[in-house]
There are 2 protein chains.
Amino acid sequence: MEQQYSSALLERAVDEFSKLPGIGRKTAMRLVLHVLRMETGSVDRFCDALTTLSHEVKYCKVCHNISDTEVCQICSNTQRDASMVCVVENIQDVMAIEATMQYKGLYHVLGGVISPMDGIGPGDLEIESLVDRVSGGGVKEVILALSSTMEGDTTNFYIYRKLVRYNDVKLTVLARGLSINDELQYTDELTLGRSIVGRVPFTGK
Amino acid sequence: MEQQYSSALLERAVDEFSKLPGIGRKTAMRLVLHVLRMETGSVDRFCDALTTLSHEVKYCKVCHNISDTEVCQICSNTQRDASMVCVVENIQDVMAIEATMQYKGLYHVLGGVISPMDGIGPGDLEIESLVDRVSGGGVKEVILALSSTMEGDTTNFYIYRKLVRYNDVKLTVLARGLSINDELQYTDELTLGRSIVGRVPFTGK
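Criteria and thresholds
- Residues numbered from 1 in each chain as written.
- Chains lettered and ligands numbered in written order.
- Predicted model: local features only at pLDDT ≥ 70, side-chain atom pairs only at ≥ 80, totals over all residues.
- Heavy atoms only, no water.
- Helix = DSSP H or I, 4+ residues; strand = E, 2+ residues; numbered from the N terminus.
- Rg over C-alpha atoms; globule rule 2.2 N^0.38 Å.
- Buried < 20%, exposed > 50% of the residue type's maximum accessible area, 1.4 Å probe, protein only.
- Areas by Shrake-Rupley, 256 points an atom, 1.4 Å probe, with all protein chains shown as cover.
- Right-handed = clockwise from strand over helix to strand, strands pointing away.
- Expected span 1.5 Å × (residues − 1).
- Arc of directions from axis to C-beta.
- Pairing = 2+ DSSP bridges.
- Axes fitted to C-alpha atoms, helices over the stretch in contact; angles between N-to-C directions.
- Contact = heavy atoms within 4.5 Å.
- Salt bridge = Lys/Arg side-chain N within 4 Å of Asp/Glu carboxyl O.
- Polar contact = N/O pair within 3.5 Å; in protein donor to acceptor, adjacent residues only side chain to side chain.
- Nonpolar A, V, L, I, M, F, W, Y, C, P; charged D, E, K, R; others polar.
- pLDDT = per-residue confidence, 0-100.

Q: Let's hear about the overall build of chain A: which residues, and what values?
A: Across its full length, chain A holds seven helices and six strands. Beginning at the N terminus, the succession of helices and strands in chain A can be written as α-α-α-β-β-β-α-β-α-β-α-β-α. Taken over the C-alpha trace, chain A has a radius of gyration of 22 Å; the compact-globule value for 205 residues is 17 Å, which it surpasses by more than 25%. For the C-alpha atoms alone, the extent of chain A along its principal axes is close to 65 × 50 × 35 Å. Across the 205 residues that make up chain A, the buried fraction comes to 41%. For chain A, the exposed area adds up to about 12,200 Å²; of that, 53% sits on carbon and sulfur atoms.

Q: Please give an account of the pairing of strand 4 (residues 105–109) of chain A that cites residues and values.
A: Among the five residues of strand 4 of chain A, five are classified as buried, and the element is accordingly described as predominantly covered. Crossover strand 3 (residues 81–88) of chain A to strand 4 of chain A through helix 4 (residues 91–100) of chain A is right-handed.

Q: Could you give an account of helix 6 (residues 150–163) of chain B, with specific residues and numbers?
A: Residue and element names in this part refer to chain B. Taking 1.5 Å as the rise per residue, helix 6 with 14 residues should run 20 Å; its terminal C-alpha atoms sit 20 Å apart, in good agreement. When we look at burial in helix 6, the residues that qualify are Gly152, Thr155, Asn156, Ile159 and Leu163. Down the axis of helix 6, the buried side of the element spans an arc of 105°, and every buried residue falls inside it. Summarising the geometry of helix 6, the exposed residues directed more than 90 degrees from the buried face are Met150 and Arg161.

Q: Help me get a handle on the sheet that holds strand 6 (residues 170–173) of chain B, residues and values and all.
A: Each strand in a sheet pairs with its neighbour through backbone hydrogen bonds, running either in the same direction (parallel) or in the opposite one (antiparallel). Residues and elements named next belong to chain B. Strand order in the open sheet formed by four strands is 4-3-5-6, with parallel pairing between adjacent strands. A strand with exactly one partner marks an edge of an open sheet, and here the two such strands are strand 4 (105–109) and strand 6. On average, adjacent strands in this sheet sit at an angle of 25° to one another, irrespective of strand direction. In this sheet, strand 6 lies alongside strand 5 (residues 141–144) in parallel orientation, the contact comprising four bridges. Across the sheet, Val142 pairs through a bridge with Leu171, a residue of strand 6. Across the sheet, helix 4 (residues 91–100) lies against strand 3 (81–88) and strand 4, angled at about 160° from strand 4, the strand it touches most.

Q: Can you explain the interface of chain A and chain B? Please cite residues and give values.
A: At the interface, 49 residues of chain A touch 49 residues of chain B. Taken together, the links from chain A to chain B amount to two salt bridges. At the boundary of chain A and chain B, one finds ten residue pairs in polar contact (both at pLDDT 80 or more). Broken down by element, the residue count for the side of chain A that touches chain B peaks at 16 residues, all from helix 3 (residues 40–56) of chain A. Partitioning the side of chain A that touches chain B into residue classes produces 26 nonpolar, 14 polar and nine charged.

Q: Explain the confidence of the model for chain A to me, using residue names and the numbers behind them.
A: The predicted model of chain A averages 90 in pLDDT, with 97% of residues at 70 or higher. What the predictor reports for the complex is a pTM of 0.73 with an ipTM of 0.75.

Here it is as structure tokens:
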């Protein structure tokens, strides 16, 4: 949709906003008109937050999670169980697992999954550094918490092949099955099938 | 929802994004993660577009539409009919009417409508400058194209009172009635009632 606004400055701001994911030209226009009504100082603060993030962002040198310090708060927290490493795709996954408050180990952020279609090979991911962490000793369990997709499964298998020679390191994956509160009749066949095959003893809990 | 991210820079960027209208913390997070993946140069261009707009935005001194020049492209276009002035609330309304390609006159952007509830009085709007434009001569018709709300009607009436003494200036309002493609049974009562009372001769067009 070609549109010509009465101001080139306006046009440029709308163009830039509509480059963001999920933001079309109408939403971009609405946001830009909001920016126009904002005080100049607020706009400057907004932009400063983004440029500072973009220029100064750091990633933890151990787990590759986003961090303001060399080693992130999770990796440097001595209260956490350093013998468990949970392998995830990205920093949102770390947040999602942290939000459950059920995990007290450490993480390893791969930065994606192996996806030949998107030109992402093992070398583009933090897999070597994971192997280094494990070979360094002290890790007793590696939890593979990747997406349940073909790419996730491929990556799981690749990591399995790299880590299988460390006999004293247990490799686990997240449990698959019905979601909590799922109704049986609305659950997809694959998930339901897997949860029947992978049924576990009823403990009464 | 309180969330603590592993990076204060990230937290600040999410905070700033979620101040924009219609953007909650989840969307803000998604946008910030996109910003993280963007090249630094692209982030700088995005921010430059916003800060430049915020610092250097100008409004046409005749019609108060947003403009890069002292007098906007519409007001300075000699092909347009300077004897007609269409009074609108904001610059989006100018764009909406321009998009119809049915109007060849000029505009006057009020900057809002009279709304005592929001503390907006006539003095906060570009009403005096409208009266000045009309008293300056050359204007034959003023089209009141404000929203069909109580505030819009109040503003219409206020402008009417200010302009009624210019006997040679015709005051008109936008036609109200059924939308094109509206089905009768789903049209609200007020609109339907008004379109019956305000029925017009059938011309066969």
